[in-house]
Amino acid sequence: DAKTTQPNSMESNEEEPVHLPCNHSTISGTDYIHWYRQLPSQGPEYVIHGLTSNVNNRMASLAIAEDRKSSTLILHRATLRDAAVYYCILHNLFNQAGTALIFGKGTTLSVSS
Amino acid sequence: DAGVIQSPRHEVTEMGQEVTLRCKPISGHNSLFWYRQTMMRGLELLIYFNNNVPIDDSGMPEDRFSAKMPNASFSTLKIQPSEPRDSAVYFCASSLARRPGYTFGSGTRLTVV
């Protein structure tokens, strides 16, 4: 899987939007961009994924650059419960036998009240 | 659905003892993954199965580690003999092959003294 680069940490205030950046300059045409987050003392959980177009779901939005070399996870109104480590991962979903997610260090998001 | 079920939640054992971690994936999922998480190394993929067949075990640290998936609803990760450096949180995850959205279990916290 291609490599991603994320800031080690970010801070936010409650009820403000949060933009978590991810660079993936070596992304291939078959790589989907996935975001997972890991709350304290829990396993990672799926947040959102996309290939080329921007995506929205109940948890977040994913904005993908036109050249696909970067993306941004957007939390529209941060809450204290959003404090977690956020992982940006490139994952090829076209491999016949499937492939595994490879996690980097992620971004630790702190949210203050 | 009860999600991915791991047992035990916590395990404390003495160096040299055999340890068996268990995982029940989500019904219908055909891919299963074992990860290990430590502060120093983050989340590492150990092994994954597709349709009960091991696809990639290159992350298994050494011969002391072994994993099996005798059927679609059960997998084990065994460490024999255990060593203090094996202390970590071990996560199991399952998914449908070539589909986004892994579901992780709550993890097993292993302490080897």
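Right above here is the structure, for reference.
Worth saying up front: this structure is predicted, and the values here are computed from it rather than measured.

About the thresholds
Residues numbered from 1 in each chain as written. Chains lettered and ligands numbered in written order. Predicted model: local features only at pLDDT ≥ 70, side-chain atom pairs only at ≥ 80, totals over all residues. Heavy atoms only, no water. Pairing = 2+ DSSP bridges. Helix = DSSP H or I, 4+ residues; strand = E, 2+ residues; numbered from the N terminus. 1 Å grid on protein atoms, 1.4 Å probe; cavity = no way out; pocket = protein on both sides within 12 Å on 5 of 7 lines; lining within 4 Å. Points joined across faces, edges and corners; volume = space filled by probe spheres on them. Axes fitted to C-alpha atoms, helices over the stretch in contact; angles between N-to-C directions. Nonpolar A, V, L, I, M, F, W, Y, C, P; charged D, E, K, R; others polar.

1. Notes on the sheet that holds strand β6 (residues 61–64) of chain A
Residue and element names in this part refer to chain A.
- Across the sheet, 4 strands lie side by side as β2-β7-β6-β5; this open sheet has antiparallel pairing. Here the strands that pair on one side only, and so sit at the sheet edges, are β2 (18–23) and β5 (55–56).
- Sheet topology places β2 next to strand β7 (residues 70–75); 6 bridges connect them, and they run antiparallel. Along β7, the bridge assignment pairs Pro21 with Thr72.

2. Examining the layout of surface pockets
- Size it by volume and the largest pocket reaches roughly 990 Å³.
- If you go around the largest pocket, you meet 40 residues; those closest to its centre are A:Tyr87, A:Gly104, B:Gln37, B:Gly42 and B:Leu43.
- Counting only elements with at least two residues in the lining of the largest pocket, the list comes to β8 (84–92) of chain A together with β4 (31–38), β5 (42–50), β9 (88–95) and β11 (108–112) of chain B.
- Considering each element in turn, the lining of the largest pocket owes the most residues, 5 residues, to β8(A).

3. Side note on the sheet that holds strand β7 (residues 65–71) of chain B
Residue and element names in this part refer to chain B.
- Taking strand neighbours across the sheet as the criterion, the 4 strands line up as β1-β3-β8-β7 in an open arrangement whose pairing is antiparallel. The sheet is open, and its two borders are formed by β1 (5–7) and β7, each paired with just one other strand. Mean inter-strand twist for the sheet, computed between neighbouring axes without regard to direction, equals 15°.
- Direction of pairing for β1 relative to strand β3 (residues 19–24): antiparallel, over a ladder of 3 bridges. Paired with Ser7 across the strands is Arg22, a residue of β3.

4. A short note on empty space enclosed by the protein
- Under the criterion given, the structure shown has 1 cavity of 30 Å³ or more.
- Taken as a whole, the largest cavity spans an internal volume of roughly 50 Å³.
- Lining the largest cavity are 12 residues; nearest its centre among them are A:Thr99, B:Ser95, B:Leu96, B:Ala97 and B:Arg98.
- For the lining of the largest cavity, a count of residues per class yields 5 nonpolar, 5 polar and 2 charged.

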